[in-house]
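Overview (structure and organization)
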Amino acid sequence: MKTARALWGSTHPGPALVVTALSLALGIATGLDPARIALLVASVLCNQISVGLSNDAIDAGRDRAVGRTDKPIAAGVVSVQLALGVAVGAVVASLALSAVLGFGMLAGQALMIAGAWAYNAGMKSSAFSLVPFLVSFGVFPSLATLSAPAPTLAPFWAAIAGAALGAAVHLTNVLPDLDDDRATGVRGFPHRIGPRASALLAVAGLFIGAAAVLLGPVGGDLGRIAWPGWLFAGAVGVVAVATGIRALVRPPDRTVFRFVMLAALLLAAQLVATGSALGG
């Protein structure tokens, strides 16, 4: 049980569960039947387990160097070999579940996983560290639409919203670790532009995501937007402003990242509450 708890703790369970919840909301918004939603959600959860475990396994040496004993793999509670083995198994499970839903879903899931693993394996240390998040989160809404009996890519506005949210996730998730990362040779995009610029770009990403989800389903016609849409968009706007203020007036911490996760859940809830069908 101790090993199982440590493995789960190494998956970055908070973000993993948020992303899994987003897949549930997207499946509902797409109008999938319960069986397809269950397969979609299970495949995304396995996806996220693989991403979190591989991240901590690959970073174990760097985490030890900066004293991150709060991480089970760095602390030696779980071996790197076991974590990577489970991560690879989770990839296989995710792709197998995706294959049941069709080739399009399998391809989309593979692209999302490849982007995340590419980041973990080295792109986090490059000026292009943002790219895997833009790609993976941009593809993410299409996992739901590609899971439908008549698979199709998600609308362009959904991809824009996903990519913008992915940018905000990356830019805020690394803020508390900037100094530790620099000390261990990690110098990604946020490290190069600094915490203030990263926070402001993350806020912009949240506003772009909110605008895409608000305007995309109605083709930009403000008159067709029902009050729930305005309500959720306003809530995301408030969270975005709070994110910027928190990041600018306080030392970087996990709070700004949690704000971004909250905004993601609000955007997903908006899709469901307003009946904004992703499937067309």
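Since the structure is predicted, the reported quantities are computational estimates derived from the model, not experimental observations. (Residues numbered from 1 in each chain as written. Predicted model: local features only at pLDDT ≥ 70, side-chain atom pairs only at ≥ 80, totals over all residues. Heavy atoms only, no water.)

**Quick notes on the packing of helix 2 (residues 13-30) against helix 13 (residues 254-273)**
Condition: Axis definition: a line fitted to C-alpha atoms, limited for helices to the stretch in contact. Angles are taken between N-to-C directions and run from 0 to 180 degrees. Strands here mean DSSP runs of E at least two residues long; helices mean DSSP runs of H or I at least four residues long; both are numbered from the N terminus. Put simply, angles under 35 degrees are roughly parallel, angles over 145 are roughly antiparallel, angles from 65 to 115 are roughly perpendicular, and the rest are oblique. The sense of a crossing depends on the near helix, which, turned anticlockwise from the far helix by less than a right angle, makes the crossing left-handed and, turned clockwise, makes it right-handed. It only takes one pair of heavy atoms within 4.5 Å for two residues to be counted as in contact. We call Asp, Glu, Lys and Arg charged. Ala, Val, Leu, Ile, Met, Phe, Trp, Tyr, Cys and Pro are nonpolar, and the rest, Gly among them, are polar.
Closest axis-to-axis distance for the helix 2/helix 13 pair is 8 Å, and the angle between their directions is 15 degrees. On the basis of their axis angle, the class for helix 2 and helix 13 is roughly parallel. For the pair helix 2 and helix 13, the crossing hand works out as left-handed. Seen from helix 2, the contacting residues are Pro-15, Val-18, Ala-21, Leu-22, Ala-25, Leu-26, Ile-28 and Ala-29; seen from helix 13, they are Phe-257, Met-261, Ala-264, Leu-265, Ala-268, Leu-271 and Val-272. Counted by class, the contact of helix 2 with helix 13 contains 15 nonpolar, no polar and no charged residues.

**Section: a nonpolar patch on the surface**
This is how it is decided: A residue counts toward a patch only above 30% relative accessible area and without a salt bridge, and it is joined to like-charged neighbours within 9 Å or, for Val, Leu, Ile, Met, Phe, Trp and Tyr, to nonpolar neighbours within 5 Å. To be clear on the numbers: accessible area is Shrake-Rupley with a 1.4 Å probe, and residue cover counts the displayed protein chains and nothing else. For salt bridges, the criterion is a side-chain nitrogen of Lys or Arg within 4 Å of an Asp or Glu carboxyl oxygen.
Taken together, the side chains of Leu-200, Phe-207, Val-241, Ile-245, Leu-248 and Val-249 make up a nonpolar region of the molecular surface, amounting to roughly 540 Å² of accessible area. At the level of elements, helix 11 (195-215) and helix 12 (227-249) are the ones that each hand at least two residues to the nonpolar patch. Broken down by element, the nonpolar patch gets its largest block of residues, four residues, from helix 12. Mapped onto the fold, Phe-207 is located in helix 11.

**A closer look at empty space enclosed by the protein**
Using the following cut-off: Each cavity reported here is a set of points on a 1 Å grid over the protein atoms alone in which a 1.4 Å probe fits but cannot get out, each pocket an open set with protein on both sides within 12 Å along at least five of seven lines, and each lining residue one with an atom within 4 Å of a point. Grid points are joined across faces, edges and corners, and a volume is the space filled by probe spheres set on the points.
With the rule as written, the count across this model stands at one cavity of 30 Å³ or more. The computed volume of the largest cavity comes to approximately 200 Å³. Leu-26, Pro-141, Gly-162, Leu-165 and Leu-271 are, among the 16 residues lining the largest cavity, the residues nearest its centre. At the level of elements, helix 2, helix 7 (131-145), helix 8 (156-173) and helix 13 are the ones that each hand at least two residues to the lining of the largest cavity. The element that contributes the greatest number of residues to the lining of the largest cavity is helix 8, accounting for five residues. For the lining of the largest cavity, the class distribution of residues is 15 nonpolar, one polar and no charged.

**Topic: unusual backbone geometry**
Note the cut-off: Only protein chains enter the accessibility calculation, which uses a 1.4 Å probe; a residue whose area is less than 20% of its type maximum is buried, one above 50% is exposed, and one in between is partly exposed.
With phi around 60 degrees, His-12 is a residue other than glycine that occupies positive phi space. Mapped onto the secondary structure, His-12 falls in the loop between helix 1 (2-9) and helix 2. For His-12, a relative accessible area of 28% translates into the label partly exposed.

**Quick word on the side chain of Asp-56**
Along the polypeptide, Asp-56 turns up in helix 3 (residues 34-58). Setting aside chain neighbours within four positions, we find Asp-56 in contact with Ser-10, His-12, Asp-63, Lys-71 and Ile-73.

**Focus: the packing of aromatic side chains**
The test is simple: Only rings of Phe, Tyr and Trp enter the pairing, Trp through its six-membered ring, and a pair is recorded when the two centres are within 6.5 Å. The plane angle decides the type: under 30 degrees is stacked, over 60 is edge-to-face, the rest tilted.
For the coordinates displayed, the defined rule picks out two aromatic pairs. Seen in terms of ring centroids, Tyr-119 and Phe-133 are 5.0 Å apart; in terms of plane orientation they differ by 85 degrees. Their pairing is edge-to-face. In this pair, Tyr-119 sits in helix 6 (residues 103-121) while Phe-133 sits in helix 7, placing the two residues 14 residues apart along the sequence. There is no split in this pair, since Tyr-119 and Phe-133 are both buried. Ring centres 6.3 Å apart and planes at 10 degrees place the aromatic pair Phe-133 and Phe-137 in the stacked group. Placement of both Phe-133 and Phe-137 in helix 7 is noted, with a separation of four residues, approximately one turn of the helix. Across this residue pair, the class does not change: Phe-133 and Phe-137 are buried. Through pairs of rings, three or more aromatic residues link up here, namely Tyr-119, Phe-133 and Phe-137.

**Concerning the packing of helix 2 against helix 7**
Think of two packed helices as two axes; the pair is described by the angle between the axes and how far apart they sit. Orientation of helix 2 relative to helix 7, taken along the N-to-C sense of each, is 50 degrees, at an axis distance of 8 Å. Between helix 2 and helix 7, the angle is such that the two are oblique. Crossing hand, helix 2 versus helix 7: right-handed. Residues Val-19, Leu-22, Ser-23, Leu-26, Gly-27 and Thr-30 of helix 2 touch helix 7, and the partners they reach there are Phe-140, Pro-141, Ala-144 and Thr-145.

**Regarding the layout of surface pockets**
Of the voids in this model, the largest pocket is the one considered here, and its volume is about 1,000 Å³. His-12, Pro-15, Asn-55, Asp-56 and Asn-173 are the residues nearest the centre of the largest pocket, which is lined by 45 residues in total. Secondary-structure elements contributing two or more residues to the lining of the largest pocket are helix 2, helix 3, helix 4 (60-65), helix 6, helix 7, helix 8, helix 9 (178-183) and helix 13. Per element, the largest residue contribution to the lining of the largest pocket is six residues, and it comes from helix 3.

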